[in-house]
Amino acid sequence: MKSDLHTQLQHIGKNYAISKSYWICGEEVPMHGGICDVWGMSRALNLRTLAIEVKVSRQDHRSQSQKDKEYATNNGKPMGNEQYILCQAGLISPAEVAENWGLLWYDFKKQRIVNKKRAPLLEMSADRKLEVLLYFLNNGRNHKRPLLQENKEIKQ
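Residues numbered from 1 in each chain as written. Predicted model: local features only at pLDDT ≥ 70, side-chain atom pairs only at ≥ 80, totals over all residues. Heavy atoms only, no water.

Caption draft 1: Spatial organisation of the pattern of salt bridges. If you walk through the whole model with that rule in mind, you get eight salt bridges. A salt bridge links E82 to R48; its shortest N-O distance comes to 3.8 Å. Taken together, the positions of E82 in strand β4 (residues 82-88) and R48 in strand β3 (residues 48-54) put the pair 34 residues apart, joining distant regions of the chain. E82 sits in the buried class, given a relative accessible area of 11%. E70 is the salt-bridge partner of R62, the closest N and O atoms lying 3.4 Å from each other. A relative accessible area of 11% means that E70 is categorised as buried. (Salt bridge = Lys/Arg side-chain N within 4 Å of Asp/Glu carboxyl O. Helix = DSSP H or I, 4+ residues; strand = E, 2+ residues; numbered from the N terminus. Buried < 20%, exposed > 50% of the residue type's maximum accessible area, 1.4 Å probe, protein only.)

Caption draft 2: Looking closely at the packing of aromatic side chains. Across all of its chains, the model carries one aromatic pair by this definition. Ring geometry for Y106 and F108: centres 4.8 Å apart, planes at 85°, overall edge-to-face. (Phe/Tyr/Trp six-rings, centres within 6.5 Å; stacked < 30°, edge-to-face > 60°.)

Caption draft 3: Just the pairing of strand β2 (residues 34-42), in detail. Of all nine residues that make up β2, seven are buried, and the element is covered over most of its length. For strand β1 (residues 24-31) and β2, the ladder comprises seven bridges, and the chain directions are antiparallel. Looking at β2, one finds that C25 is bridged to G40. Linkage of β1 to β2, two consecutive antiparallel strands, is achieved through a turn of two residues, within which G33 is found at a positive phi near 95°. In the sheet, β2 pairs with β3 via five bridges, with the strands oriented antiparallel. Residue pairing for β3: W39 is matched across the bridge by A51. (Pairing = 2+ DSSP bridges.)

Caption draft 4: Quick look at the nonpolar core. M31, C36, W39 and L103 are the most contacted members of the largest nonpolar core, which has 19 residues in total. Setting aside chain neighbours within four positions, we find L103 in contact with Y84, I85, C87, I92, S93, P94, V97, V114, N115, K116 and K117. Judged by nonpolar contacts, the second largest core, of 15 residues, contains L9, A17, I52 and L86. (Core = buried A, V, L, I, M, F, W, Y, C linked by side-chain atoms within 4.5 Å. Contact = heavy atoms within 4.5 Å.)

Caption draft 5: Structural detail: the pairing of strand β5 (residues 102-107). Summarising burial for β5: six of the six residues are buried, a large majority. The two faces of β5 match: G102, L104 and Y106 on one face and L103, W105 and D107 on the other face are all buried. Bridge count for β4 against β5 is five bridges, and the pairing is parallel. Along β5, the bridge assignment pairs Y84 with G102.

Caption draft 6: Structural context of the confidence of the model for the chain. Of all residues in the chain, 88% attain a pLDDT of 70 or more, and the chain-wide mean is 85. Across the chain, the secondary-structure element scoring lowest on mean pLDDT is helix α4 (residues 126-138), at 80, and the one scoring highest is β5, at 98. Low confidence marks residues 141-156, where pLDDT is under 50. Its contacts with residues over four positions away, or in another chain, come to three contacts. (pLDDT = per-residue confidence, 0-100.)

Caption draft 7: Quick peek at unusual backbone geometry. Positioned with a positive phi, E28 is a non-glycine residue whose angle comes to about 55°. Its relative accessible area of 31% is what places E28 among the partly exposed residues. Positive phi outside glycine occurs at Q111, with the angle close to 50°. Tracing the backbone shows Q111 in the loop between β5 and β6 (112-117).

Caption draft 8: Here's a closer look at the side chain of K117. Relative to the helices and strands, K117 resides in strand β6. Salt bridges are absent for the buried K117, whose nearest opposite-charge side chain, E99, sits at 8.0 Å. When residues no more than four places from it in sequence are discounted, the contact partners of K117 are Y84, P94, V97, A98, E99, W101, G102 and L103. (Lys, Arg positive; Asp, Glu negative; His and termini not counted.)

Written out as structure tokens, the structure is:
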């Protein structure tokens, strides 16, 4: 179960993505290798994708889930063209972050994100982007969902 801190940082991460021109954004995006806390795609940046993993503890940062995501990245299946770890300021040092990942600190006192380690720009094939986008749009389900649900309480 997610903590309140994780949920708060996840929303902060999504707002950060939106502020950086990632116009399709979502939280809890299922994909191969696990769930991506925040994922976005930018039309302005030639369909560049961004993945943000929220970490609320050092143990969370070194979890098997994070290791699986790092392994997938190293084997040609990144979650995004840019991948970041987002945590509270000072929790994780740049030296502790994997080679293909960047690090964002959130300073709660100043209420701003500080980029402590720039993420490298990773190659991501059009097929891989489409695969992730389809997971995003389908919410990881194998069945289609209507975009609008009929509200039976509304009277005509």
